[in-house]
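# Secondary and tertiary structure notes
Here's the letter readout for the chains.
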Amino acid sequence: FSPSERESDFSLQAAHLRPMSAPRTVKCWAAAKPKAALEEVCMEVPSLGPHGVELRVQFCGLCGSDVHLINSDGGYADFTGFAVGKPQVCGHEVIGIVTAVGEEVTHVKVGERAGIGWQNGACHECEWCKKGDEQLCASVKATCCEGNVGAFADYVRIQDGKFCFAIPEACDSAQTAPLLCGGQTVWTPLVQQTKDGDKVGILGLGGLGHMAIKFASALGREVTALSGSASKAEEAKALGAHAFVAHSDQSQLDALAGTLDFILVTLATTQTVDFSKFFPLLRPRGTICFVGMCPPITADVFTLGFTMNNITTSNTGGRKEMESMLAFCAEKGIGASVVLRPMDEVNACLAELESAKHAKRFVLTRD
């Protein structure tokens, strides 16, 4: 966390003194309609309540969910700003400097570095919140959905400061930003559904998959990377995979049959995928878990019953998973592999994200 990432004492003081009861006008990159190019506009965000937090945006990861929100597809249409008569402003993997807090907020302070991910609110009273599974709350709120102005902006505000997280000193800001959604999405099933020494397969080596390999290896799992492209073998092993299998080669799949305790599917595609060839890779009682934007699956549950295999899913995680992930990354020196681009190049980045599969995450920067 370099001194250059901090605001000047004067600007921080000025931000803190700004009346939180007043709305704020932010400069943001917004889509006026589905599939439209983003344009820089000014929009008003609500005043902060007693539990609210405001960040000056420094880094914001670009996620596949942003693409679906802007395009109003992939099951996201009802959650867009368009659905409530507003432009869509994305951005939910944000690292910045705290510039204002409500009087009830004590865990982050003005001038400190903090981050916000996909979720920005919950009831904190229901069964799931009390278990630490806030992502399952019926009152869940998302940072850039349903008209909320996300972090493709100079400032971002949330009303539930419990979803603003202090960033450990050892964590690099740019490399940590994608962890706040994509990273947490793969961290949660790995820590909840696997254990030390498990043989874990990671299917898909894109933005989610590369983070999953780093995490699984550092957690002490024996990692096999699974990709349709044999050319990704060296890259996968550099990320921490102990073995690589090109699933386009049936002989390699046959050799792997019945050996994996867990497969994490990180594929993001709208194309039909034949997942039946991956089920035989599992040991008895093994689990295949689907995260991200996977297409629908078909499974022969009768055959799976003979080996008592499990099919599961996972969704980001609660606050406890976010905090444990950040602490782990600080201890192990883990961050996402990123490509930095200025925020005014957001349209070019979106186009590149849609047209290619990267084992790196775009991170947008603001001065």
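Since this is a predicted model, take the numbers as computed values, not measurements. (Residues numbered from 1 in each chain as written. Predicted model: local features only at pLDDT ≥ 70, side-chain atom pairs only at ≥ 80, totals over all residues. Heavy atoms only, no water.)

### A look at the overall build of the protein
We count it as follows: The way it works is that DSSP assigns letters per residue, a run of H or I at least four long becomes a helix, a run of E at least two long becomes a strand, and they are numbered from the N terminus. Taken over C-alpha atoms, the radius of gyration is set against a globule rule of 2.2 Å times the number of residues to the power 0.38. Only protein chains enter the accessibility calculation, which uses a 1.4 Å probe. A residue is then buried if its area is under 20% of the maximum for its type, exposed if over 50%, and partly exposed in between. We call two residues in contact when some of their heavy atoms are within 4.5 Å. Residue-level accessible areas treat just the shown protein chains as cover; the underlying method is Shrake-Rupley with a 1.4 Å probe. Under the counting rule used here, the positive set is Lys and Arg, the negative set is Asp and Glu, and His together with the chain ends is not counted. Where a charge sits is defined by one atom per residue type, namely NZ (Lys), CZ (Arg), CG (Asp) or CD (Glu).
Secondary structure summary: the protein contains 11 helices and 17 strands in total. A compact globule built from 367 residues would reach a C-alpha radius of gyration of about 21 Å, and the protein, at 21 Å, matches this within 12%. Dimensions of the protein along its principal axes, counting C-alpha atoms only, are 65 × 40 × 40 Å. Scored against the burial criterion, the 367 residues of the protein give a buried share of 52%. Contacts in the protein between residues at least 24 apart in sequence constitute 69% of all its contacts with a sequence separation of at least 6. Accessible surface computed for the protein: about 16000 Å², of which carbon and sulfur atoms make up 52%. Of the charged side chains in the protein, 32 are positive and 41 negative; the average position of the first set lies 2 Å away from that of the second.

### Considering the packing of aromatic side chains
Short version of the rule: Under the pairing criterion, centres of Phe, Tyr and Trp rings, with the six-membered ring standing for Trp, must be within 6.5 Å; the plane angle then separates stacked pairs below 30 degrees from edge-to-face pairs above 60, leaving the rest tilted.
Following the criterion strictly, the structure yields 6 aromatic pairs and no others. Measuring from centroid to centroid gives 5.1 Å for F302 and F306, while their planes differ by 85 degrees, and the two rings are edge-to-face. Of this pair, F302 and F306 both sit in helix α9 (residues 301-307), 4 residues apart, roughly one helical turn. Residues F302 and F306 agree in their burial class; the two are exposed.

### Section: helix α6 (residues 207-218)
Stated formally: Helices are assigned an expected span. That span is 1.5 Å times one less than the residue count.
Between its first and last C-alpha atoms α6 spans 18 Å; for 12 residues at 1.5 Å apiece the expected length is 16 Å, and the two agree. Of the residues making up α6, those classed as buried are G207, L208, G209, H210, M211, A212, I213, K214, F215 and A216. Once α6 finishes, G220 follows within two positions and takes phi at roughly 90 degrees, a positive value.

### Remarks on a negative patch on the surface
The test is simple: Residues enter a patch when their relative accessible area is above 30% and they make no salt bridge; the linking distance is 9 Å between like charges and 5 Å between nonpolar side chains (Val, Leu, Ile, Met, Phe, Trp, Tyr). Think of a salt bridge as a Lys or Arg side-chain nitrogen and an Asp or Glu carboxyl oxygen that are within 4 Å of each other.
On the surface, a cluster of negative charge is made up of E40, D344, E345 and D367. If you trace the backbone, E345 turns up in the loop between β16 (338-342) and α11 (346-355).

### Some remarks on the side chain of E93
Assignment of secondary structure puts E93 in the loop between α2 (64-71) and β4 (94-101). Excluding anything up to four places from it in sequence, E93 contacts F59, C60, G61, L62, C63, I116, A177, P178, L180, C181, G182 and R361.

### Remarks on the pairing of strand β17 (residues 361-365)
The following threshold applies: A pair of strands is considered paired only if DSSP assigns at least 2 bridges between the two.
Among the 5 residues in β17, 4 count as buried, and that is most of the element. Looking at chain direction, strand β3 (residues 53-61) and β17 are connected through 3 bridges and run antiparallel. Note that in β17 the partner of G61 across the bridge is V363. As paired elements, β16 and β17 share 5 bridges and run parallel to each other. Bridge pairing in β17 links L340 to V363.

### A closer look at the pattern of salt bridges
One pass over the full model with this rule turns up 10 salt bridges. The partner of R157 in a salt bridge is E54, with the nearest N and O atoms 2.8 Å apart. With a gap of 103 residues between them, R157 in strand β8 (residues 155-158) and E54 in strand β3 connect regions that are remote in the sequence. R157 gets classed as buried once you look at its relative accessible area, which sits at 11%. For E54, a relative accessible area of 0% corresponds to the buried category. Here D133 ties to K320 by a salt bridge, and the two come within 3.3 Å at their closest N and O atoms. Of the two residues, D133 is situated in the loop between α3 (127-130) and β7 (141-142) and K320 in helix α10 (residues 319-332); the sequence distance between them amounts to 187 residues.

### Observations concerning the layout of surface pockets
Rolled over the atoms, a probe sized like a water molecule indicates the empty space that remains. Quick note on the threshold: Only protein atoms enter the 1 Å grid used here. Points where a 1.4 Å probe fits but cannot escape make up a cavity, open sets with protein on both sides within 12 Å along at least five of seven lines make up a pocket, and a residue lines them when an atom lies within 4 Å of a point. Grid points are joined across faces, edges and corners, and a volume is the space filled by probe spheres set on the points. Each residue gets one label: Ala, Val, Leu, Ile, Met, Phe, Trp, Tyr, Cys and Pro are nonpolar, Asp, Glu, Lys and Arg are charged, and the others, such as Gly, are polar.
Of the pockets and cavities examined, the second largest pocket occupies roughly 400 Å³. Elements with a contribution of two residues or more to the lining of the second largest pocket: β2 (39-45), β6 (119-121) and β8. Per-element tally for the lining of the second largest pocket: the top contributor is β2, with 3 residues. Within the lining of the second largest pocket, the residues separate by chemical class into 7 nonpolar, 7 polar and 6 charged.

### Considering the side chain of R24
Its place among the elements puts R24 in strand β1 (residues 24-30). A residue is classified by how much of its surface remains accessible, and R24, at 9% relative accessible area, is buried.

### Description of empty space enclosed by the protein
According to the stated counting rule, one finds 1 cavity of 30 Å³ or more in the structure shown. For the largest cavity, the calculated volume is near 80 Å³. Taken together, G117, W118, Q119, F163, F165, L180, Q184, T316, G317, G318, R319 and M322 make up the full set of residues lining the largest cavity. Classifying every residue of the lining of the largest cavity by side-chain character gives 5 nonpolar, 6 polar and 1 charged.

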